[in-house]
Amino acid sequence: MKKPLIGTAAALLFAGATALAGAPAATASTTASTTVTSPQAGKVAAVTFAGTVALSNCSGSLVRFPASTANDPALVLSNGHCLESGMPGPGQVVTNQASSRSFTLLNASGGSLGTVKASKMVYGTMTDTDVSIYQLNTTYAAIQSRYGIAPLTVAATHPVQGSSIKVVSGYWKKIYSCSADGFAYRLKEADWTFKDSLRYTSTCNVIGGTSGSPVVDANSGQVVAVNNTINEDGQRCTLNNPCEVDQNGAVTVRRGIGYAQETYIIPACFGTGNKLDLTRAGCTLPRP
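Below or above, wherever it landed, is the structure these notes cover. (Residues numbered from 1 in each chain as written. Predicted model: local features only at pLDDT ≥ 70, side-chain atom pairs only at ≥ 80, totals over all residues. Heavy atoms only, no water.)

Remarks on the packing of aromatic side chains
A complete count under the given rule lists 3 aromatic pairs for this structure. Here F65 and F270 contribute two aromatic rings whose centre-to-centre distance is 4.8 Å and whose plane-to-plane angle is 40°, an arrangement assigned as tilted. Of the two residues, F65 sits in the loop between strand 2 (59-64) and strand 3 (73-78) while F270 sits in strand 17 (residues 270-271), which places them 205 residues apart along the sequence. Across this residue pair, the class does not change: F65 and F270 are buried. When the centroid spacing of 5.3 Å and the interplanar angle of 65° are considered together, the rings of F103 and Y134 count as edge-to-face. Separated by 31 residues along the polypeptide, F103 in strand 5 (residues 102-106) and Y134 in strand 7 (residues 131-139) bring together distant segments of the chain. What makes F103 buried here is its relative accessible area of 0%. Looking at Y134, the relative accessible area reads 0%, which means it is buried. Just above the ring of Y185 sits the side chain of R186; from NZ or CZ to the centre is 4.1 Å. (Phe/Tyr/Trp six-rings, centres within 6.5 Å; stacked < 30°, edge-to-face > 60°. Helix = DSSP H or I, 4+ residues; strand = E, 2+ residues; numbered from the N terminus. Buried < 20%, exposed > 50% of the residue type's maximum accessible area, 1.4 Å probe, protein only. Lys NZ or Arg CZ within 6 Å of the ring centre and 35° of its normal.)

This is the structure in structure tokens:
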């Protein structure tokens, strides 16, 4: 998990570095209850860059939850280690902090449609997972009307071993294709420990700048994880060299293998109006 890149020039210098780093283009529709219909409803189209975003130092995606509505404030998903305030320490959880961060919204081919802007950083941590969620100063409906882009849906179910996945980097305008090889009970990297991490097969050889990329299930078109790291040198449990630790404490090092943090636990922590509520039944995200 590399520290986030600083600008495009720095990113090019680190093109060989690792990360601790869309879904189908479609027109979103709404039901009578104004529930946002997943752009993947019906036949699933090819995964493209539509709905992904580029941050100044990482990748990300415009996302909704299964119960989100068209008039809810839109959300952007990325990594906790991509926060503009720096990487949160072990045990640190940051919530509801003012932010004016900008994100470049992409079309299906990776072209820039324009800039969307945060009103606050809703949630960020590197404890148990590696996630940041920003609330934008606009709604899904307004984004759809202006840019013709629908959000990606975050699946509320655990990803499946062996499933075909795509890691979609808005920063590099690159899509990696591989499979969900399995799941690490614990993934330890330097001072941080992540729980139940998704492990890639070797073709998703992610690099710096891909941090925060949505991991999209190629069959459902839904986001099942957020990309965050890879073992770069074969070292054991060090920065940029995560190791797997099983239930018995046995350590496994997989050089050149990347990982992502599952996102199915996130929807349970958001209620009406896309409002964060860490006390909701079923919410298991770490609390401050």
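Overview of the nonpolar core
By size, the foremost hydrophobic cluster in this structure holds 41 residues, and its most contacted members are L77, F103, Y123, L136, I143, I266 and F270. Taken together, the elements giving at least two residues each to this core come down to strand 2, strand 3, strand 4 (93-98), strand 5, strand 6 (112-125), strand 7, helix 2 (140-147) and strand 13 (223-230). If you look at the next biggest cluster of nonpolar residues, it comprises 16 residues, including A155, V206, V215 and A260. (Core = buried A, V, L, I, M, F, W, Y, C linked by side-chain atoms within 4.5 Å.)

Side note on the state of the cysteines
Per the counting criterion, the structure on display carries 4 disulfides. In this model C58 forms its disulfide with C82; the gap between the sulfur atoms is 2.1 Å. Between C58 and C82 the disulfide shows an S-S torsion of about -90°. By sign, it is left-handed. In this pair, C58 sits in the loop between strand 1 (52-54) and strand 2 while C82 sits in the loop between strand 3 and strand 4, placing the two residues 24 residues apart along the sequence. The pair C58 / C82 is uniform in exposure class, with both members buried. (Disulfide = S-S within 2.5 Å.)

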